[in-house]
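What follows is each chain in one-letter form.
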Amino acid sequence: QVQLQESGPGLVKPSQTLSLTCTVSGGSITTNYYYYTWIRQPPGKALEWMGAIDWRGSTYYNPSLRSRTSISRDTFKNKFTLQLSSVTPEDTAVYYCARGQTIVRNKGQGYWGQGTQVTVSS
């Protein structure tokens, strides 16, 4: 019922800002008690939780990425966004958005989008 879909550029140059959007259908992002999360997976590596925004608009961030990460939302369009600044090739990954009753950190939790590949290339 609830579906999420990531969108944005597939290729970003080093030092630029990566911007992705997650479109949510089948449920309002303002519905009480749900969290909306960004997670990424670099090639051959584990999932990495990046941050989340909840139904109130409060944000939460992985401390290791906090200085470069910003999550926001557009409640009228039922979308939320990820911005990751000063990217390097190490930011190359599949980026996912997800919804859960808690902050989602693995694929056994909540609803996930299909993911979108982002490559940071010189």
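Note: the structure precedes this text.
Some remarks on the overall build of the chain
Broken down by element type, the chain carries 0 helices and 11 strands. Across the chain, helices and strands are ordered from the amino to the carboxyl terminus as β-β-β-β-β-β-β-β-β-β-β. The dimensions of the chain, computed from C-alpha atoms along their principal axes, are 40 × 25 × 25 Å. Here the chain has roughly 6300 Å² of accessible surface; of this, 46% comes from carbon and sulfur atoms. The chain carries 12 positive and 6 negative side-chain charges, and their two centres are separated by 3 Å.

As for the state of the cysteines
Tallied over the full model, the rule gives 1 disulfide. A sulfur-sulfur distance of 2.1 Å marks the disulfide that ties C22 to C97. Sign of the S-S torsion, about 65° for the bond between C22 and C97, identifies this disulfide as right-handed. With a gap of 75 residues between them, C22 in strand β3 (residues 18–25) and C97 in strand β9 (residues 93–100) connect regions that are remote in the sequence.

Side note on the environment of Y111
Relative to the elements of secondary structure, Y111 occurs in strand β10 (residues 111–112). Taking the C-alpha atoms as reference points, Y111 and P89, separated by 22 residues in sequence, lie 28 Å from one another. Setting aside chain neighbours within four positions, we find Y111 in contact with V2, L4, C97, A98 and R99.

Observations regarding the packing of aromatic side chains
For the structure on display, the rule yields 6 aromatic pairs. Ring plane angle 70° and centroid distance 5.4 Å describe the contact between Y33 and W55, whose orientation is recorded as edge-to-face. Separated by 22 residues along the polypeptide, Y33 in the loop between β3 and β4 (35–41) and W55 in the loop between β5 (48–54) and β6 (59–61) bring together distant segments of the chain. Residue class for W55 comes out buried when judged on its relative accessible area of 16%. One aromatic cluster is present, built from ring pairs that chain together Y33, Y35, W55 and Y60. Directly above the ring of W55 sits R56, whose terminal nitrogen or CZ lies 4.8 Å from the centroid. The ring of Y34 has R99 sitting right over it, with the charged end atom 3.7 Å from the ring centre.

Focus on the environment of W112
Looking at the secondary structure, you find W112 in strand β10. Along the backbone, W112 and T37 are 75 residues apart, and their C-alpha atoms lie at a distance of 9.3 Å. The residues contacting W112, other than those within four sequence positions of it, are L4, I39, L47, Y96, C97, A98, V104, N106 and K107. Engagement of the side chain of W112 in a polar contact is seen with the backbone oxygen of N106, the distance being 3.4 Å. Of note is the side chain of W112, whose polar atom sits 2.7 Å from the backbone oxygen of Q109.

Reading the values: rules and limits
Just so you know, the residues in each chain are numbered from 1, in the order the chain's sequence is written. The predicted nature of this model means local features are confined to residues of pLDDT at least 70 and side-chain atom pairs, given and counted, to a pLDDT of 80 or more, with totals for whole chains, interfaces and linings taken over all residues. To get the side-chain values, take all heavy atoms of the structure and skip hydrogens and water. The way it works is that DSSP assigns letters per residue, a run of H or I at least four long becomes a helix, a run of E at least two long becomes a strand, and they are numbered from the N terminus. Accessible surface area values rest on a Shrake-Rupley calculation with a 1.4 Å probe, where residue burial reflects the displayed protein chains alone. His is not counted here, nor are the chain ends, while Lys and Arg score as positive and Asp and Glu score as negative. The atom standing in for a charge is NZ when the residue is Lys, CZ when it is Arg, CG when it is Asp and CD when it is Glu. Put simply, a disulfide is two cysteine sulfurs that come within 2.5 Å. Throughout, a contact is declared for two residues whenever any of their heavy atoms are within 4.5 Å. Aromatic pairs are defined between Phe, Tyr and Trp rings, using the six-membered ring for Trp, whenever the two ring centres lie within 6.5 Å; interplanar angles under 30 degrees are classed as stacked, those over 60 as edge-to-face, and all others as tilted. Three exposure classes are used, based on accessible area relative to the maximum for each residue type with a 1.4 Å probe and protein chains only: buried under 20%, partly exposed in between, and exposed over 50%. Only when the NZ of Lys or the CZ of Arg is both within 6 Å of the ring centre and within 35 degrees of the ring normal is a charge said to sit over the ring. Any pair of nitrogen or oxygen atoms within 3.5 Å is treated as a polar contact; in protein, a donor-acceptor pairing is required on top of that, and neighbouring residues in sequence qualify only through side-chain atoms on both sides.

Shape is all these values report; function is a separate question.
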